[in-house]
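# Coordinates in review
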Amino acid sequence: MFFSRLSALWLALTITAFAFTGCDKDDNTPTDSVGEVDIEMENVVGSTPLALNTGSYTTAAGDQFTVTTFKYYISNIKLQKADGTEYVQPDSYYLVNQADDASKHLSLKEVPVGDYTGITFTIGVDSTRNVAGAQTGALDPSNSMFWTWDSGYIFVKLEGTSPQAAKGGLVFHIAGFQHPYNTIRTVSPSFNGTTLMVRTDHSPEIHFQADVLKMFAGPNQVRFATLSNSMGGASSVQIADNYSKGGMFTVAHIHAN
Amino acid sequence: MKRLLLVLPGLGLVGLLTTNCHPDADVQPLAVVPGSVLPTNFPAPAYAVEANPPTLAAFELGRTLFYDPQLSRTGKISCGSCHQQFAAFANADHRLSHGVDSRLGTRNAPALQNLRWKSNFFWDGGPKNLETLPLAPLTNPVEMDETLGNVLRKLNADPSYPGRFTAVYGSSPIDSYQLLRALAQFTASLTSANSRYDHYVRQEAGGTLSAAELSGRALFSAKCATCHRTDLFSDDSFRNNGLDSSFAADSGRARITRVDKDLGLFKVPSLRNATLTAPYMHDGRFQTLAQVLDHYASGVLDSPTLDPLLRQADGKLGLSLTAQEKSDLLAFLATLTDEQFIKDAQLAQRRP
């Protein structure tokens, strides 16, 4: 019930976002009227904070697992105002790595001041950057998130163990951006009615939770006995559908600061 | 407004293509980076010159890297080990590539030529950008078997690389971006466009073809040029040319796309320098061009993904070729050999 109501809300937001994608000009605010938005990504397993290696978890379907690596790309962040206008962050690429606390803090500089009511971002990397050649920063292939033999980025990487997995290991490298196995997903987690007020002297913070369990539940329930390794293809599409449609990313709260 | 902005660089490119070309390398001063002037008889490139503007210092850096065995785990295999200039940067006499510790690859190392015009690479089209391509052989366990991190550590610890990279890119330490951009300066420079055939189509000195070669050219246009298209001699597509009827050994393009309709499809290779790039096909199964023509004439095997162009109206597979036609085709193919390319001292390993 709760989920379906949320889904409806996301749908509404997505439609709103789509309806106004043509108007990505801001309100001609002078360049000095900008503030900062901070995003905190908290990776969780259900209601528990994710602990690499030591944490022991159970999927909705009852499979036990541990997590040794959890990394994902967030890109193309957009903030929407109530009037339908949108701020599109330029060069917007972040790699969140559970093993690196600093990477969980995303700082958006030079956001035009205003009252924002929604956010949209891509889980993964857009197709353009997947084929764009040598890259730096979050997209540096040194980050172990780049496939060389079928070049392109791994959008979400989860590795771990499970007694239910055939060989004991879990390897989920969700990647691929070409039809019919495109795993690029764009989501618009709800602010739940809160307004993000960006001012020159206020840096509000959006606190997200990313729930690992959502990778394995949702439209396509995953049992590790039958699926413990996914590197692109149909199974990666199923997991991408799980974490996008099932709402892996939720806004826990917004600090006005 | 936006449209105007798009049109302007387009016009600039056309201008470059039509006015700036001195395809005869004989008349170029040595200071010009090879391949930085595009041949007039080629289509528009996939990797524009402006995408990584050639400079002599960056090109020379890429050239040193290309021939440097430090890039492999064992310090014994360089890019140039499997891509030899005298073979148009293919691997002569090797059906499959030989990597570190004599590990055998799964496919025939292709010629490296006119890469600037390709939008994807390898027999299966996996790598999609010239700049990121080297990451595949660098990290492949049966090729150079090294990690990107280790390569960068070795380069940064080298007595000469850091200074050369800083001179080109202005910052240190050497990172993956600098490494890949420098390598692309060299790989993009590998332009073969000075065969006798090229002189013929550009109506330059030395561009005469014999009667047999001209007959071969006409046959080629009729029977081969749909796939081996333009003066690049490839349409850059993937096709099943009837080598096998099942594809358990190598699924080809399907390895990348994961769809059945691509089973057994491989990249149509350019035929430039074909006389130098034996053995032939993705697994190097044919030793001579005559064997290749025999395959098309009488060796094509059926399978669900066989290219429709190899099905004749009467149900026969392959291409109908008489002995005379094969002989003329071989004569024509030999006109695509570019001695200037394989002897260009600027593309060779610099001897200390």
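Residues numbered from 1 in each chain as written. Chains lettered and ligands numbered in written order. Predicted model: local features only at pLDDT ≥ 70, side-chain atom pairs only at ≥ 80, totals over all residues. Heavy atoms only, no water.

### Focus on the overall build of chain A
Definition in use: Counting from the N terminus, the helices are DSSP H or I runs at least four residues long and the strands are E runs at least two residues long. Only protein chains enter the accessibility calculation, which uses a 1.4 Å probe; a residue whose area is less than 20% of its type maximum is buried, one above 50% is exposed, and one in between is partly exposed. A contact between two residues is defined here by any heavy atoms of the two lying within 4.5 Å. For accessible areas, the Shrake-Rupley method is used with a probe of radius 1.4 Å. Any residue's cover is judged against the shown protein chains and nothing else.
Secondary structure assignment for chain A yields three helices and 16 strands. Residue burial in chain A is summarised as follows: out of 257 residues, 53% are buried. Pairs at least 24 apart in sequence give 73% of the contacts found in chain A among residues at least 6 apart. Accessible area for chain A stands at about 11,100 Å²; split by element, carbon and sulfur atoms hold 53% of it.

### A look at the overall build of chain B
For clarity, the cut-off: Each radius of gyration is computed over the set of C-alpha atoms, and the globule rule expresses the reference value as 2.2 Å times the number of residues to the power 0.38.
When you go through chain B residue by residue, the secondary structure sums to 13 helices and two strands. Computed over C-alpha atoms, the radius of gyration of chain B comes to 21 Å, within 12% of the 20 Å expected from 2.2 N^0.38 for 352 residues, which places it in the range of a compact globule. Judged by the C-alpha coordinates and their principal axes, chain B covers about 65 × 50 × 45 Å. Considering chain B as a whole, with its 352 residues, one finds that 52% of them fall into the buried category. In chain B, of all internal contacts separated by at least 6 residues, the share reaching a separation of at least 24 is 67%.

### Let's talk about unusual backbone geometry
Residues and elements named next belong to chain B. Here the bond from serine 172 into proline 173 is cis, since omega is 0 degrees, no more than 30 degrees from zero. You can see proline 173 is positioned in the loop between α6 (161-169) and α7 (176-187). A cis amide bond, omega 0 degrees, links alanine 278 with the succeeding residue proline 279. Tracing the backbone shows proline 279 in the loop between β2 (266-267) and α11 (289-299). At phenylalanine 89, a residue that is not glycine, the phi angle is positive and equals roughly 65 degrees. Mapped onto the elements of the fold, phenylalanine 89 is located in the loop between α3 (79-82) and α4 (135-139).

### Overview of the packing of aromatic side chains
All names here are of chain B. Definition in use: Two rings belonging to Phe, Tyr or Trp (six-membered ring only in the last case) form a pair when the distance between their centres is within 6.5 Å. Interplanar angles under 30 degrees mark stacking, angles over 60 mark edge-to-face geometry, and anything in between is tilted. Only lysine NZ and arginine CZ atoms are considered, and such an atom sits over a ring when it is within 6 Å of the ring centre and within 35 degrees of the ring normal.
Under the counting rule described, the total for this entry stands at 27 aromatic pairs over all chains. Residues tyrosine 197 and phenylalanine 332 carry aromatic rings whose centres are separated by 5.7 Å and whose planes lie at 85 degrees to one another, so their mutual orientation is edge-to-face. Remark: phenylalanine 332 occurs in helix α12 (residues 323-334) and tyrosine 197 occurs in helix α8 (residues 196-201); sequence separation between them is 135 residues. For tyrosine 197, a relative accessible area of 4% corresponds to the buried category. Overall, the relative accessible area of 1% leaves phenylalanine 332 in the buried class. For the pair phenylalanine 220 and phenylalanine 332, a centre-to-centre distance of 5.3 Å together with 45 degrees between the ring planes defines the contact as tilted. Within this pair, whereas phenylalanine 220 is found in helix α9 (residues 211-223), its partner phenylalanine 332 is found in helix α12, the two being separated by 112 residues in sequence. Among the aromatic residues, those joined into a cluster by ring pairs are Phe59, Phe66, Tyr67, Phe89, Phe186 and Phe341. Stacked on the ring of phenylalanine 238, the Lys or Arg arginine 253 has its end atom at 4.2 Å from the ring centre.

### Points about the pairing of strand β11 (residues 169-175) of chain A
Residues and elements named next belong to chain A. What counts here: Here, a strand pair is defined by DSSP locating no fewer than two bridges between the strands.
Counted residue by residue, β11 has five buried out of seven residues, so it is predominantly covered. Judged from the seven bridges that link them, strand β10 (residues 152-161) and β11 form a sheet pairing that is antiparallel. Across the sheet, leucine 158 pairs through a bridge with phenylalanine 172, a residue of β11.

### Quick notes on the pairing of strand β6 (residues 93-97) of chain A
Consecutive residues of a regular strand have side chains that alternate between opposite faces of the sheet. All names here are of chain A. Of all the five residues making up β6, five are buried; the element is thus mostly covered by neighbouring parts of the structure. Across the two faces of β6 the burial is the same, with Tyr93, Leu95 and Asn97 and Tyr94 and Val96 all buried. As judged from the five bridges shared by strand β4 (residues 64-81) and β6, these two strands associate in the antiparallel manner. When the sheet's bridge partners are listed, tyrosine 73 is paired in β6 with leucine 95.

### Some remarks on the nonpolar core
Which entries qualify depends on this criterion: Nonpolar core, defined: a set of buried Ala, Val, Leu, Ile, Met, Phe, Trp, Tyr and Cys residues in which side-chain atoms within 4.5 Å join the residues together.
Of all hydrophobic cores here, the largest spans 105 residues; its most connected members are Phe65, Ile74, Phe172, Ile206, Met215 and Phe249 of chain A. By residue number, the principal contributor to this core is β4 of chain A, which donates eight residues. The contacts of phenylalanine 249 of chain A, once residues within four sequence positions are left out, are Met41, Tyr72, Ile74, Phe121, Ile123, Pro189, Phe208, Gln209 and Ala210 of chain A. One finds Ala274, Leu289, Phe332 and Leu336 of chain B within the second-largest nonpolar core, a separate group that totals 26 residues.

### So, the confidence of the model for chain A
The condition that has to hold: Confidence scores per residue from the predictor, reported as pLDDT, run from 0 to 100.
For chain A, the mean per-residue pLDDT works out to 90, and 88% of the residues sit at or above 70. Overall, residues 1-29 of chain A carries pLDDT values under 50, and its contacts beyond four positions in sequence, including any with other chains, amount to 25 contacts.

### Overview of the pattern of salt bridges
Residues and elements named next belong to chain B. Rules: Salt bridge, as used here: a side-chain nitrogen of Lys or Arg that lies within 4 Å of a carboxyl oxygen of Asp or Glu.
Inspection of every chain in the model, using the stated rule, returns 34 salt bridges over all chains. The shortest N-O distance in the salt bridge between arginine 272 and aspartate 198 comes to 2.7 Å. In this pair, arginine 272 sits in the loop between β2 and α11 while aspartate 198 sits in helix α8, placing the two residues 74 residues apart along the sequence. A salt bridge links aspartate 294 to lysine 326, with the shortest nitrogen-to-oxygen separation between them at 2.8 Å. Residue aspartate 294 is located in helix α11, and its partner lysine 326 is located in helix α12; the two are separated by 32 residues in the primary sequence.

### Quick word on helix α3 (residues 234-245) of chain A
Residues and elements named next belong to chain A. The cut-off we apply is this: By this rule the span expected of a helix is its residue count minus one, scaled by 1.5 Å.
Taking 1.5 Å as the rise per residue, α3 with twelve residues should run 16 Å; its terminal C-alpha atoms sit 16 Å apart, in good agreement. Considered for burial, the residues of α3 that qualify are Ser235, Ser236, Val237, Ile239, Ala240, Asp241, Asn242, Tyr243 and Ser244. Where the residues of α3 are buried, they touch β8 (114-123), β10, β11, β12 (185-187) and β15 (229-231). Note on α3: the residue one or two positions beyond its end, glycine 247, has a positive phi of about 75 degrees.

### Quick notes on the packing of helix α2 (residues 56-66) of chain B against α6 of chain B
All names here are of chain B. Rules: Note on geometry: axes are lines fitted to C-alpha atoms, helical ones only across the stretch in contact, with angles between N-to-C directions running from 0 to 180 degrees. The crossing is said to be left-handed when, going from far helix to near helix, the turn is anticlockwise and less than a right angle, and right-handed when the turn is clockwise. All residues other than Ala, Val, Leu, Ile, Met, Phe, Trp, Tyr, Cys, Pro, Asp, Glu, Lys and Arg, Gly among them, are scored as polar; the first ten of these are nonpolar and the last four charged.
Following both chains from N to C, one finds α2 and α6 inclined at 145 degrees, their axes separated by 9 Å at the closest point. Like other packed secondary-structure pairs, α2 and α6 cross with a definite hand, here left-handed. Where α2 abuts α6, its residues Ala57, Ala58, Glu60, Leu61, Thr64 and Leu65 lie against Tyr161, Arg164, Phe165, Val168 and Tyr169. The residue inventory of the contact of α2 with α6, partitioned by class, reads eight nonpolar, one polar and two charged.

### Some details on the packing of α9 of chain B against α12 of chain B
Residues and elements named next belong to chain B. Applied cut-off: An angle below 35 degrees is treated as roughly parallel, one above 145 as roughly antiparallel, one from 65 to 115 as roughly perpendicular, and anything else as oblique.
Remark: α9 packs on α12, axes separated minimally by 7 Å, with the N-to-C direction vectors making an angle of 100 degrees. On the basis of their axis angle, the class for α9 and α12 is roughly perpendicular. Every residue of α12 that contacts α9 at Ala212, Glu213, Ser215, Gly216, Arg217, Leu219, Phe220 and Lys223 is listed here: Glu325, Asp328, Leu329, Ala331, Phe332 and Leu333.

### Topic: the environment of alanine 99 of chain A
Residue and element names in this part refer to chain A. Turning to its location among the elements, alanine 99 is positioned in the loop between β6 and β7 (105-112). Alanine 99 sits in the exposed class, given a relative accessible area of 60%. Separated by 48 residues in sequence, alanine 99 and alanine 51 have C-alpha atoms that sit 9.3 Å apart.

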